[in-house]
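# An overview of the molecular structure
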Amino acid sequence: QQQALQIAIDGPAGAGKSTIAKIAAKQLGLFYVDTGAMYRVIAYKVLKNRAPIDDESMVSQIAKSTVVVFDHSDKRIVWCDGEDVTQEIRCPEVSRAVSVVAAYPGVRERLVELQRMEAERGGVVMDGRDIGTYVLPEADIKFFLTATPEERARRRWMELQKAGKDVTYQEVAIDMAERDRLDTEREVSPLKPAKDAIILDTTGLSIEELVSKILALVQGG
Ligand code: CDP
Ligand code: CDP
């Protein structure tokens, strides 16, 4: 029974989705599927090929011909056509381009197909923007994580500081606000809570508090 569990986690950038999804998947023995990484791989390839990002049909063609592979071990390596791009997909250039490519229906169609295939392998914790509303509408339990824009930007900025990246809080806050705007305003599968999602405001909550809250809800439901 537990093997086929589907847990959907959506929300804006920096809400804590991937941190919580990884821990919950490990504790529950489920696969963790990071759908944002898939959109990042396509943005990375568009930039690498110097393809015009505004050319929707060219970008959709790139999405269709790219081989995106995930390693489900703890290393969580992400592959793009056989190249390890785990680090590269987190750079600011990719972060700035990703919401543009993610708004194209052709890109989404292709990646949603891959996401549903991942979910057929067994139980999953999947995080993204449209998991509860579109990718896994029949998920057993759906969470929508939020936090104030200031806290989300501060978390991401601290993460980048720790990684030795030279960015200011202001830059992170501006890029994040723009990405959330594009994700919320796009026509296909915009960022919004599913009708049956549990909305959790994570402002001021530690990772431990959030994990125990979520595990209690999963196990209690
Ligand atoms: O981790 P972070 O919040 O920075 O973003 P992410 O989860 O890696 O997602 C990067 C981008 O991919 C988002 O800003 C969306 O534009 C897009 N995305 C999406 O459109 N649908 C998803 N299910 C997941 C990500
Ligand atoms: O995946 P998403 O963009 O929603 O967020 P994340 O990458 O999981 O979290 C962004 C950063 O916030 C990470 O460095 C987490 O360690 C941190 N975080 C936190 O400090 N407190 C929380 N309650 C949740 C996440």
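You'll find the protein chain entered in an unreviewed UniProt entry as Cytidylate kinase, with Desulfosporosinus lacus DSM 15449 given as the organism. Checking UniProt for the protein chain, the heading Subcellular location (unreviewed entry) contains the comment "Cytoplasm". Per its UniProt entry, the protein chain bears the Sequence similarities (unreviewed entry) comment "Belongs to the cytidylate kinase family. Type 1 subfamily."

### Things to note about the overall build of the protein chain
Secondary structure assignment for the protein chain yields nine helices and eight strands. Taking 17 Å as the expected radius of gyration for a compact globule of 221 residues, we find that the protein chain reaches 17 Å, a close match to that expectation. With respect to the principal axes defined by its C-alpha atoms, the protein chain has extents near 50 × 40 × 35 Å. Relative to its 221 residues, the protein chain shows a buried fraction of 50%. Nonlocal contacts in the protein chain, meaning residues at least 24 apart in sequence, comprise 74% of its contacts between residues at least 6 apart. Of the accessible surface of the protein chain, which amounts to about 11300 Å², a share of 53% is contributed by carbon and sulfur atoms.

### A short note on the site of ligand 2
The local shell around ligand 2 holds 15 residues, among which G14, K17, T19, E159 and L205 are the closest. One of the backbone N or O atoms of A15 is found 3.1 Å from an oxygen atom in ligand 2. Here R156 contributes a side-chain N or O atom positioned 2.9 Å from an oxygen atom of ligand 2. When isolated, ligand 2 has an accessible area of 540 Å², and the protein chains bury 81% of it.

### Some points on the nonpolar core
Judged by nonpolar contacts, the single largest core of 37 residues is most densely connected at I42, V107 and L136. Of all the elements in the fold, those that place two or more residues in this core are α2 (35-48), α3 (56-65), β3 (68-70), β4 (78-80), α4 (92-101), α5 (105-120), β6 (124-128) and α6 (131-135). Considering each element in turn, this core owes the most residues, eight residues, to α2. In this structure I42 touches A63, T66, V68, V101, V107 and L111, once residues within four positions along its chain are discounted.

### Digging into the sheet that holds strand β8 (residues 198-201)
On the basis of which strands lie adjacent, the open sheet formed by five strands has the order β2-β6-β1-β7-β8 and parallel pairing. The open sheet has two edge strands, β2 (31-34) and β8, and neither has a second partner. Across the sheet, the mean angle from the axis of one strand to that of its neighbour is 20°, orientation sign disregarded. Where β2 meets β6, four bridges bridge the pair, whose relative direction is parallel. Note on β6: the bridge partner recorded for D34 is D127. The sheet contacts of α5 involve β1 (6-10), β2 and β6, and relative to β6 the element is tilted by about 160°. The sheet strands contacting helix α9 (residues 207-220) are β1, β7 (141-146) and β8, and the helix crosses β7 at an angle near 155°.

### Concerning the sheet that holds strand β5 (residues 83-84)
Spatially, β3-β4-β5 is the arrangement adopted by the three strands of the open sheet, whose pairing is antiparallel. Of all the strands in the sheet, just β3 and β5 have a single pairing partner and so form its edges. Here three bridges tie β3 to β4, and the two strands are oriented antiparallel to one another. Looking at β4, one finds that V68 is bridged to C80.

### Quick look at the environment of S189
Note on placement: S189 falls in the loop between α8 (169-185) and β8. Spatially, the C-alpha atoms of S189 and S95 are 19 Å apart, while their sequence positions differ by 94 residues. Excluding anything up to four places from it in sequence, S189 contacts R108, D130 and Y134.

Cut-off values and rules
One numbering rule holds for all chains: residues counted from 1, following each sequence as written. Numbering of ligands from 1 and lettering of chains from A proceed in the order in which they are written. Side-chain atom pairs in this predicted model are given and counted only at pLDDT of 80 or more, local residue features only at pLDDT of at least 70, and totals for whole chains, interfaces and linings cover all residues. Side-chain numbers come from the whole structure's heavy atoms, not from hydrogens or water. UniProt positions are given in the numbering used here, feature names are shortened, and annotations may be inferred rather than shown by experiment. Strands are runs of DSSP state E lasting at least 2 residues, helices are runs of H or I lasting at least 4, and numbering of each runs from the N terminus. Computation of the radius of gyration draws on C-alpha atoms, with the globule rule given as 2.2 Å multiplied by the number of residues to the power 0.38. Only protein chains enter the calculation, and the probe is 1.4 Å; a residue is then buried if its accessible area is under 20% of its type maximum, exposed if over 50%, and partly exposed in between. Contact between two residues is taken to exist if any of their heavy atoms lie within 4.5 Å; hydrogens are not considered. Per-residue and other accessible areas were derived by the Shrake-Rupley procedure at a 1.4 Å probe size, with only the shown protein chains allowed to occlude residues. The criterion for a residue being near a molecule or strand is simple. One of its heavy atoms has to lie within 4 Å of it. In the analysis that follows, any N or O atom pair within 3.5 Å is treated as a polar contact, provided that within protein one partner can donate a hydrogen and the other can accept it, and provided that, for residues neighboring in sequence, both atoms belong to side chains. The criterion is simple. A nonpolar core is a set of buried Ala, Val, Leu, Ile, Met, Phe, Trp, Tyr and Cys residues joined through side-chain atoms within 4.5 Å. The criterion for strand pairing is that DSSP finds at least two bridges linking the strands in question. Note on definitions: angles span 0 to 180 degrees between N-to-C directions of axes, and those axes are lines fitted to C-alpha atoms, for helices only across the stretch in contact.

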